[in-house]
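# Fold and geometry: a report
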Amino acid sequence: MYRNGRQVPIEGVSIVAEDGRIADLTRELPEGETIVVPGGVAFPGFINLHNHTINAPLFRGIVDDLPRKAIGESKVYSMLMPMGALALSYLDPDELEALVALGLLEFARSGATTLVDQFRPRQTAILDLARRWGLRLYAAPYLFSPAGAVGDAAVARAAQGSFEGETGLAAFEELFAHFDEGERGRIRVILGPHAADSCAPDLLKTVDQIARERRLLTTIHLAQSQGEVDRVRVERGLDPAGYMESVGLLREGVIFAHGVHLTDDELARVRDSGAAIAHCASVFLRGGKSPNFARFAKHGVRFGIGTDAERMDMFSQLRASGFASKQATGAGDAGTAAGLFHAATIAGADALRRPDLGRIERGATADIVIVDANKPHLQPINDPIRTLAWYASSADIDTVLVDGRPIVRAGRLVGVNEQNLVKRGAAATRRVWQEAQRRGHFPIEAAPARE
Ligand SMILES: [Zn+2]
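The sections below set out a description of the structure shown in this document. (Residues numbered from 1 in each chain as written. Predicted model: local features only at pLDDT ≥ 70, side-chain atom pairs only at ≥ 80, totals over all residues.)

### A look at the sheet that holds strand 17 (residues 405-409)
Sheet architecture is open: 5 strands sit in the order 5-15-16-17-18, paired in antiparallel fashion. In this open sheet, the two strands that pair with only one neighbour each are strand 5 (40-44) and strand 18 (412-413). Two strands pair when backbone bridges link them, and strand 5 and strand 15 (residues 368-372) are joined in this way by 5 bridges, in the antiparallel orientation. Its bridge partner being in strand 15, P44 is matched across the sheet by I368. (Pairing = 2+ DSSP bridges. Helix = DSSP H or I, 4+ residues; strand = E, 2+ residues; numbered from the N terminus.)

Put into structure tokens, the structure is as follows:
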């Protein structure tokens, strides 16, 4: 449970949920509808602070093991963005929904109960499905500056296919009017300018203004690659943190995805500003880079954990973060389970201005995950937080509650034909791959290695 700003394990306690809130923690078996998971370990659902849901199925087995020469300086602009755009323009609405559903199905039992997702605004299926399935979603439809306002041709090209020269603000307004459920709602529509090198100052200043007026969160990729840092310096004459400051976005209420190329001086400025970083280790590890979560902790920066769609299993993301930190610092006590758990729950919730999430305590929102710990790889349990962070996986999840409502029971999404969804989602994904290959959108090294 949550005590004095920390997660503290306790044993033999029942959690009583009423009207979506944790009403009580008791040693007696409460009355009413009861969920009992013998040997279960309950924890506050993780906050996945940065993700692109369709990318998980779309790039599975495609972006792994790629040599640098195959993708150029930035995989984001040479491959991920063009493939994402293709999925949207090429699939029919049913196929697109199937692709999104496959991703969201993975999310639903990833250990997280809150998802922050950046996506192209035509992909409204993510909002429809999250609403239908009762998931907690912070939806950040992309905003881009039109090509003329961005110096780099590859960056400008990547944005195309989204809005044909528009910024996406009109689409944001439409989604906001249609889906946003207000401060404590399950579905929020927030501001999602794509990145420091694909968004010009006038757009970012508008974003800042809207965000302040409506008290909305903003999330943007920042210092994700050296190429981006170089482009920002050339085009704006500033380092990435300085560029954010110049447009009003170096402040509380802003979540920077990655920040791996921020200098020590920039990290100090981010810390002082109250902005948060969404740390996503495994996408960098996959490309042979070395993200170091201990570095953010050392500088006192607020940060949470995101999966960035490498996969959505939060346990495996915690492990990737922890191991990367231990490796980078040469110290076994860097990137501890307690530190990772704090980042993925309390810190992530605070970055979303939701101190009622990420905690099991009276009055908190009942977003709870229960792992079935009666498994050989989880026993015996010495320290439950270490057990979850280092040894559990999404396959160990028995139950997921969001707002006190069971979303997953016995490891299955309630009320959904999973088999059918998986089949349809995989078929839609394959259609995109085939078309991408035909158009030469992905390098030969990424082509399926079977006859
Ligand atoms: Zn991202």
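### Here we look at the sheet that holds strand 12 (residues 254-258)
Strand order in the open sheet formed by 4 strands is 11-12-13-14, with parallel pairing between adjacent strands. Since the sheet does not close on itself, it has two edges, and those belong to strand 11 (218-222) and strand 14 (302-305), each with one partner. Adjacent strand axes in the sheet meet at a mean angle of 30 degrees when their direction is disregarded. As judged from the 3 bridges shared by strand 12 and strand 13 (residues 276-279), these two strands associate in the parallel manner. Residue pairing in the sheet places I255 in a bridge with A276 of strand 13. Contacts from helix 15 (residues 337-351) reach strand 12, strand 13 and strand 14 within the one sheet, and its direction differs from that of strand 14 by about 110 degrees. (Axes fitted to C-alpha atoms, helices over the stretch in contact; angles between N-to-C directions. Contact = placed C-beta atoms within 7 Å.)

### A word on the environment of S246
Structurally, the position occupied by S246 is in helix 10 (residues 240-246). S246 gets classed as partly exposed once you count the C-beta atoms within 10 Å, which come to 15. A C-alpha to C-alpha distance of 8.1 Å links S246 and P201, two positions 45 residues apart in sequence. Not counting the four nearest positions on each side in its chain, S246 is found in contact with P201 and L238. (Buried ≥ 20, exposed ≤ 12 C-beta atoms within 10 Å, placed from the backbone.)

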